[in-house]
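Take a look at the letters that make up each chain.
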Amino acid sequence: MSTVNGAVLSDPAPESAQWIVDELSKPGAYQDSCPVPTRADMIVLDGDDWGHARAAVVWLGDGLRVCVAGISHGASGGGVTVSSGRLDGLSRGWSAWMGESFFTVFPGDAGTVVIKDDGDHLYGPPHQWVADFGGGRKATFVQYACPGPLSPPGSPRSPRARLCPSAGGDCRPAGVGA
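This structure is a prediction, so every number in the text was calculated from the model and none was measured.

1. Remarks on the nonpolar core
(1) Moving on: One finds I20, L24, Y30, M42, V57, W59 and V82 to be the most contacted residues of the largest nonpolar core, which totals 17 residues.
(2) Moving on: Looking at this core, the elements that each hand over two or more residues are helix 1 (18-25), strand 4 (54-60) and strand 5 (65-74).
(3) Moving on: Looking at which element gives the most residues to this core, the answer is helix 1, with 4 residues.
(4) Moving on: Counting 13 residues, the second-largest nonpolar core is a separate cluster that includes V58, V66, F133 and A139.

Put into structure tokens, the structure is as follows:
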């Protein structure tokens, strides 16, 4: 168990995730208000430990600032994309498109999050992690992929697809702007 900035992470990121920390530690990797993560404060939602070509991670900044990053290196280039915000703002419907990943945050423990009504089969399965911020504050971080290019860039292609938490609460549209 790891406690970072008041949050309780049941497991720090594995040793195999050190390449992600190294990638985000490179000078100029990103310009943002996020600190460089450590394995102790980082949640790996999805990644490629063997080829070091892609990863989707969440880590904690100061206070309740949450940082997310998509790392994507492939034949057509790629790089690192980082976004951040306060947890209280993120859990009110925030979503982001980074590399090949979408991220969203549900307040509390959302239970198992599933994608429904994706008749076009555009989105990959969700990866999720619940973080406990103490004082009864929890958030469920969800990452899911759309493996092909979007047209126009950043727009959802499956208009009925929704992310639905099993613990109750409202479903959200899948894709950017969710």
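2. Let's talk about the packing of aromatic side chains
In this description, a pair of aromatic rings is defined by centroid distance and the angle of the planes.
(1) Moving on: The tally for this structure, following the rule as stated, stands at 3 aromatic pairs.
(2) Moving on: When the ring of F102 is compared with that of Y123, the centres are 5.7 Å apart and the planes differ by 70°; the resulting orientation is edge-to-face. Note that F102 is positioned in strand 8 (residues 101-107) and Y123 in the loop between strand 9 (113-116) and strand 10 (127-132), a separation of 21 residues in sequence.
(3) Moving on: The exposure class assigned to Y123 is buried, which follows from its relative accessible area of 9%.
(4) Moving on: A centroid spacing of 5.3 Å and a plane angle of 20° characterise the contact between F102 and Y144, whose relative ring orientation is stacked. You can see F102 sitting in strand 8 and its partner Y144 sitting in strand 11 (residues 138-145), a full 42 residues away along the chain.
(5) Moving on: For F102, a relative accessible area of 0% puts it in the buried group.
(6) Moving on: For Y144, a relative accessible area of 0% puts it in the buried group.

Calculation rules
Residues numbered from 1 in each chain as written. Predicted model: local features only at pLDDT ≥ 70, side-chain atom pairs only at ≥ 80, totals over all residues. Heavy atoms only, no water. Core = buried A, V, L, I, M, F, W, Y, C linked by side-chain atoms within 4.5 Å. Buried < 20%, exposed > 50% of the residue type's maximum accessible area, 1.4 Å probe, protein only. Helix = DSSP H or I, 4+ residues; strand = E, 2+ residues; numbered from the N terminus. Phe/Tyr/Trp six-rings, centres within 6.5 Å; stacked < 30°, edge-to-face > 60°.

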